[in-house]
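Results of the structural survey
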Amino acid sequence: MRGDIQSELRQHLDNKETLLWTGQPKKGIVFRTADIFLIPFSLLWCGFAILWMFMASQGGGIFALFGIPFVIIGLIFVFGRFIIDAKQRENTYYGLTEDRIIIKSGVFSKSVKSLNIRTLSDIEYNEKNDGSGTISIGPKNPMMIWGNGMNWWPGMKANPQLDLIQNVRKVYNQVIEIQKEK
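So, here is what we can say about the structure in this document. (Residues numbered from 1 in each chain as written. Predicted model: local features only at pLDDT ≥ 70, side-chain atom pairs only at ≥ 80, totals over all residues. Heavy atoms only, no water.)

Focus: helix 3 (residues 68-90)
Quick reminder: α-helices carry 3.6 residues per turn. Residues three or four places apart thus point the same way. For helix 3, the principal kink sits at Gly80 and spans about 55°. Every buried residue of helix 3 is listed here: Val71, Gly74, Phe77, Val78, Gly80, Arg81, Phe82, Asp85, Ala86 and Arg89. Of the surrounding secondary structure, the elements contacted by the buried residues of helix 3 are helix 2 (35-59) and strand 7 (161-165). (Bend = angle between axes of the 7 residues up to and from the residue. Helix = DSSP H or I, 4+ residues; strand = E, 2+ residues; numbered from the N terminus. Buried < 20%, exposed > 50% of the residue type's maximum accessible area, 1.4 Å probe, protein only. Contact = heavy atoms within 4.5 Å.)

Here it is in structure tokens:
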């Protein structure tokens, strides 16, 4: 597993660069804090859209067809976003070198983000009881609702982050130590 992560990132290293740490986000279906509100909302949305389509189809005509996009959106809210999020995390790789943080991600096409450690500001981590957590990089936008904006939607992160990694405090401390070496 660790070798797979290193081979995914090795092609993006400079000549004299070495990987100090590699990782991936937690795999599988993950429930986040925003789901406390989103799950009931998505169930109501989808339920209403299905009811509306059923009632419109009883009346005849093509009105039921107008409900199809709303049912599809409802199904994505109820089930699809968890599947999309799990697939994106499964295809995400993190690397830490003596100069930068590398984030490689993408399901259908790959993107690679390289963050110079020495120029990073506002690095913050959130740790769970099991030692896993997320490192957020960069200033938060004060205009974003709940401080996270659209972070609940798969692929919509306000700032770069090392999401749901093991030993988050250890990785955070490594980044801070590299910054001090300026």
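Having seen it, we continue.
Looking at the sheet that holds strand 1 (residues 19-23)
A sheet is described by the order of its strands in space; here four strands give the open sequence 1-2-3-4, paired in antiparallel fashion. Each edge of the open sheet is held by one strand with a lone partner, namely strand 1 and strand 4 (111-116). Along the sheet, successive strands turn relative to each other by an average axial angle of 15°, direction set aside. In this sheet, strand 4 lies alongside strand 3 (residues 100-105) in antiparallel orientation, the contact comprising six bridges. Its bridge partner being in strand 4, Ile103 is matched across the sheet by Lys113. (Pairing = 2+ DSSP bridges. Axes fitted to C-alpha atoms, helices over the stretch in contact; angles between N-to-C directions.)

A look at the nonpolar core
Counting 19 residues, the largest nonpolar core has Trp21, Leu96, Ile101, Ile135, Leu162 and Ile165 as the members making the most contacts within it. Secondary structure elements with two or more residues in this core: strand 2 (93-97), strand 3, strand 6 (133-137), strand 7 and helix 4 (168-180). With six residues, the top contributor of residues to this core is helix 4. Leu9, Leu13, Tyr93 and Ile102 belong to the second-largest nonpolar core, a separate cluster that totals six residues. (Core = buried A, V, L, I, M, F, W, Y, C linked by side-chain atoms within 4.5 Å.)

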